[in-house]
Amino acid sequence: MYRIITQEKTFETVKFSDRIYGFPMASPKKIFTIEKYQVKNIVIINQKLAHPLISKKVSKEYQKLVTTLMELITSDDDTGESYREALNRIERFRQEIKNKYRHFLKQKELEKMANQLKVFQKEANMRFIELQNTFYEMSLHQGKGK
(Lines give C-alpha, C1' and ligand atoms only; values in the text may rest on other atoms or scores of the structure.)
Protein backbone atom coordinates (compact mmCIF):
# COMPACT_ATOMS: atom_id res chain seq x y z
CA MET A 1 0.00 0.00 0.00
CA TYR A 2 2.98 2.33 0.47
CA ARG A 3 6.67 2.51 -0.08
CA ILE A 4 9.45 4.41 1.60
CA ILE A 5 11.90 6.27 -0.56
CA THR A 6 15.22 7.00 1.09
CA GLN A 7 17.00 10.13 -0.03
CA GLU A 8 19.82 11.32 2.19
CA LYS A 9 18.14 10.18 5.42
CA THR A 10 14.74 11.71 4.59
CA PHE A 11 11.71 9.53 4.07
CA GLU A 12 8.72 10.20 1.94
CA THR A 13 5.52 8.19 1.80
CA VAL A 14 3.82 7.79 -1.52
CA LYS A 15 0.05 7.63 -1.72
CA PHE A 16 -1.45 5.21 -4.18
CA SER A 17 -5.03 6.31 -3.77
CA ASP A 18 -6.99 9.14 -2.17
CA ARG A 19 -9.65 6.65 -1.12
CA ILE A 20 -7.47 5.08 1.52
CA TYR A 21 -8.46 6.18 5.00
CA GLY A 22 -6.12 5.86 7.92
CA PHE A 23 -5.98 6.44 11.65
CA PRO A 24 -2.87 8.28 12.88
CA MET A 25 -1.61 6.25 15.81
CA ALA A 26 1.43 8.03 17.17
CA SER A 27 1.83 11.41 18.76
CA PRO A 28 4.63 13.73 17.65
CA LYS A 29 6.44 13.17 20.96
CA LYS A 30 6.57 9.38 20.77
CA ILE A 31 9.08 7.83 18.39
CA PHE A 32 8.94 4.18 17.31
CA THR A 33 12.04 2.32 16.13
CA ILE A 34 11.47 -0.13 13.29
CA GLU A 35 14.54 -1.83 11.80
CA LYS A 36 16.96 0.97 12.71
CA TYR A 37 14.59 3.66 11.42
CA GLN A 38 12.86 6.11 13.71
CA VAL A 39 9.20 6.55 12.87
CA LYS A 40 7.14 9.37 14.35
CA ASN A 41 3.81 9.01 12.60
CA ILE A 42 2.13 5.68 12.00
CA VAL A 43 -1.13 5.58 10.11
CA ILE A 44 -3.20 2.41 10.41
CA ILE A 45 -5.21 1.72 7.27
CA ASN A 46 -6.46 -1.76 8.11
CA GLN A 47 -10.01 -1.33 9.42
CA LYS A 48 -9.85 -4.42 11.64
CA LEU A 49 -6.74 -3.11 13.40
CA ALA A 50 -7.99 0.47 13.63
CA HIS A 51 -11.52 -0.31 14.87
CA PRO A 52 -10.65 -1.11 18.54
CA LEU A 53 -8.35 1.92 18.81
CA ILE A 54 -10.88 4.31 17.28
CA SER A 55 -13.79 2.79 19.16
CA LYS A 56 -12.00 3.33 22.47
CA LYS A 57 -11.01 6.90 21.56
CA VAL A 58 -14.51 7.82 20.36
CA SER A 59 -16.19 6.29 23.41
CA LYS A 60 -13.95 8.35 25.73
CA GLU A 61 -14.77 11.53 23.81
CA TYR A 62 -18.45 10.60 23.80
CA GLN A 63 -18.52 10.03 27.57
CA LYS A 64 -16.86 13.41 28.13
CA LEU A 65 -19.43 15.00 25.83
CA VAL A 66 -22.35 13.37 27.65
CA THR A 67 -21.04 14.58 31.01
CA THR A 68 -20.60 18.10 29.68
CA LEU A 69 -24.04 18.07 28.06
CA MET A 70 -25.69 16.97 31.30
CA GLU A 71 -24.03 19.87 33.12
CA LEU A 72 -24.94 22.39 30.41
CA ILE A 73 -28.57 21.29 30.07
CA THR A 74 -29.25 21.12 33.81
CA SER A 75 -27.57 24.44 34.59
CA ASP A 76 -29.72 27.40 35.65
CA ASP A 77 -28.67 29.76 32.89
CA ASP A 78 -31.09 32.63 32.27
CA THR A 79 -29.46 33.75 29.04
CA GLY A 80 -29.70 30.44 27.17
CA GLU A 81 -26.00 30.45 26.43
CA SER A 82 -25.55 26.98 27.96
CA TYR A 83 -28.22 25.53 25.64
CA ARG A 84 -26.53 27.09 22.60
CA GLU A 85 -23.19 25.73 23.77
CA ALA A 86 -24.71 22.25 24.17
CA LEU A 87 -26.14 22.37 20.66
CA ASN A 88 -22.80 23.55 19.26
CA ARG A 89 -20.88 20.76 20.99
CA ILE A 90 -23.31 18.13 19.73
CA GLU A 91 -22.95 19.35 16.17
CA ARG A 92 -19.15 19.59 16.44
CA PHE A 93 -18.96 16.00 17.73
CA ARG A 94 -21.24 14.75 14.94
CA GLN A 95 -19.13 16.44 12.27
CA GLU A 96 -15.91 15.07 13.76
CA ILE A 97 -17.26 11.53 13.77
CA LYS A 98 -18.64 11.91 10.27
CA ASN A 99 -15.43 13.29 8.81
CA LYS A 100 -12.75 11.38 10.70
CA TYR A 101 -14.04 8.08 12.04
CA ARG A 102 -17.11 6.84 10.18
CA HIS A 103 -15.04 4.54 7.96
CA PHE A 104 -13.73 2.66 10.97
CA LEU A 105 -16.78 2.47 13.24
CA LYS A 106 -19.60 0.00 12.83
CA GLN A 107 -23.03 1.19 11.76
CA LYS A 108 -24.55 0.02 15.06
CA GLU A 109 -22.14 2.15 17.08
CA LEU A 110 -22.83 5.19 14.93
CA GLU A 111 -26.61 4.76 15.21
CA LYS A 112 -26.48 4.31 18.98
CA MET A 113 -24.48 7.50 19.48
CA ALA A 114 -26.64 9.40 16.99
CA ASN A 115 -29.87 8.39 18.73
CA GLN A 116 -28.59 9.43 22.15
CA LEU A 117 -27.29 12.72 20.78
CA LYS A 118 -30.68 13.40 19.18
CA VAL A 119 -32.31 13.12 22.61
CA PHE A 120 -29.85 15.65 24.06
CA GLN A 121 -30.32 17.90 21.06
CA LYS A 122 -34.11 17.85 21.36
CA GLU A 123 -33.95 18.60 25.08
CA ALA A 124 -31.52 21.50 24.65
CA ASN A 125 -33.55 22.86 21.74
CA MET A 126 -36.82 22.60 23.69
CA ARG A 127 -35.38 24.38 26.74
CA PHE A 128 -33.83 27.09 24.57
CA ILE A 129 -37.14 27.72 22.81
CA GLU A 130 -38.98 27.83 26.16
CA LEU A 131 -36.47 30.39 27.43
CA GLN A 132 -36.88 32.51 24.31
CA ASN A 133 -40.67 32.36 24.64
CA THR A 134 -40.40 33.46 28.28
CA PHE A 135 -38.23 36.44 27.30
CA TYR A 136 -40.65 37.32 24.50
CA GLU A 137 -43.66 37.18 26.84
CA MET A 138 -41.85 39.31 29.43
CA SER A 139 -41.01 41.92 26.81
CA LEU A 140 -44.67 41.99 25.69
CA HIS A 141 -45.90 42.47 29.26
CA GLN A 142 -43.38 45.24 29.87
CA GLY A 143 -44.40 46.93 26.63
CA LYS A 144 -48.11 46.92 27.62
CA GLY A 145 -47.36 48.40 31.02
CA LYS A 146 -45.83 51.56 29.53
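Refer to the structure presented above.
Residues numbered from 1 in each chain as written. Predicted model: local features only at pLDDT ≥ 70, side-chain atom pairs only at ≥ 80, totals over all residues. Heavy atoms only, no water.

Visitor: I'm lost on the pattern of salt bridges in this one. Help?
Guide: If you walk through the whole model with that rule in mind, you get three salt bridges. A salt bridge links Arg 84 to Glu 81, with the nearest nitrogen and oxygen atoms 2.8 Å apart. Note that Arg 84 and Glu 81 are positioned in helix H2 (residues 81-101) at a spacing of three residues, about one turn of the helix. Classification of Glu 81 as partly exposed rests on a relative accessible area of 43%. Of the charged contacts, one joins Arg 89 and Glu 85 as a salt bridge, the two residues approaching to 2.8 Å between their closest N and O atoms. Remark: Glu 85 and Arg 89 occur in helix H2; sequence separation between them is four residues, near one turn of the helix. What makes Arg 89 partly exposed here is its relative accessible area of 29%. (Salt bridge = Lys/Arg side-chain N within 4 Å of Asp/Glu carboxyl O. Helix = DSSP H or I, 4+ residues; strand = E, 2+ residues; numbered from the N terminus. Buried < 20%, exposed > 50% of the residue type's maximum accessible area, 1.4 Å probe, protein only.)

Visitor: How should the environment of Leu 117 be read in this particular structure?
Guide: By the element assignment, Leu 117 lies in helix H3 (residues 107-145). Apart from residues no more than four positions distant in its own chain, Leu 117 is found in contact with Tyr 62, Leu 65, Leu 69, Ile 90, Phe 93 and Arg 94. (Contact = heavy atoms within 4.5 Å.)

Visitor: I would appreciate a short explanation of the nonpolar core in the present structure.
Guide: As a rule of thumb, nonpolar side chains are buried together in soluble globular proteins. Counting residues in each nonpolar core, the largest one holds 24 residues, and the members touching the most others are Ile 54, Val 58, Phe 93 and Leu 105. Considering every element that reaches this core, the biggest residue donor is helix H1 (residues 47-74), with nine residues. Leaving out residues up to four positions away in the same chain, Ile 54 has contacts with Phe 23, Tyr 101, Phe 104 and Leu 105. (Core = buried A, V, L, I, M, F, W, Y, C linked by side-chain atoms within 4.5 Å.)

Visitor: Just checking my understanding: could you explain the side chain of Ser 82 for this structure?
Guide: Mapping Ser 82 onto the fold places it in helix H2. Polar contacts involving the side chain of Ser 82 include one to the side chain of Ser 75, which spans 3.2 Å. When neighbours within four sequence positions are excluded, Ser 82 is seen to be in contact with Leu 72, Ser 75 and Asp 77. (Polar contact = N/O pair within 3.5 Å; in protein donor to acceptor, adjacent residues only side chain to side chain.)

Visitor: Explain the side chain of His 51 to me, please; I cannot follow it from the model alone.
Guide: When you line up the elements, His 51 lands in helix H1. In this view, His 51 contacts Phe 104, Leu 105, Lys 106 and Glu 109; residues no more than four positions away in its chain are not counted.

Visitor: Help me out: how do you make sense of the packing of aromatic side chains in this one?
Guide: For any pair of aromatic rings, the description rests on two quantities: the centre-to-centre distance and the angle between the ring planes. Using the criterion set out here, one finds one aromatic pair in the structure. Ring geometry for Tyr 62 and Phe 93: centres 5.9 Å apart, planes at 40 degrees, overall tilted. Of the two residues, Tyr 62 is situated in helix H1 and Phe 93 in helix H2; the sequence distance between them amounts to 31 residues. In terms of burial, Tyr 62 and Phe 93 fall into one category: buried. (Phe/Tyr/Trp six-rings, centres within 6.5 Å; stacked < 30°, edge-to-face > 60°.)

Visitor: Any chance you could explain the packing of H1 against H2 here in plain terms?
Guide: For any two helices packed against each other, the geometry is given by the interaxial angle and the distance between the axes. Relative orientation of the contacting elements H1 and H2 amounts to 170 degrees, with a least axis distance of 9 Å. As judged from the angle between their axes, H1 and H2 are roughly antiparallel. Together, Ile 54, Lys 57, Val 58, Glu 61, Tyr 62, Leu 65, Thr 68, Leu 69, Leu 72 and Ile 73 of H1 and Ser 82, Tyr 83, Glu 85, Ala 86, Arg 89, Ile 90, Phe 93, Glu 96, Ile 97 and Tyr 101 of H2 make up the contact between the two elements. The residue inventory of the contact of H1 with H2, partitioned by class, reads 13 nonpolar, two polar and five charged. (Axes fitted to C-alpha atoms, helices over the stretch in contact; angles between N-to-C directions. Parallel < 35°, antiparallel > 145°, perpendicular 65-115°, else oblique. Nonpolar A, V, L, I, M, F, W, Y, C, P; charged D, E, K, R; others polar.)

Visitor: Looking at this structure, how should I read H2?
Guide: Given 3.6 residues per helical turn, the α-helix brings residues three or four places apart onto the same face. Its 21 residues give H2 an end-to-end C-alpha distance of 29 Å, which sits within 8% of 30 Å, the value for a rise of 1.5 Å per residue. Every buried residue of H2 is listed here: Ser 82, Tyr 83, Ala 86, Leu 87, Ile 90, Phe 93, Ile 97 and Tyr 101. Considered in projection along H2, the buried side chains sweep an arc of 145 degrees and stay on one side of the axis. Facing away from the buried side of H2 by more than 90 degrees, the exposed set consists of Arg 92 and Asn 99. (Expected span 1.5 Å × (residues − 1). Arc of directions from axis to C-beta.)

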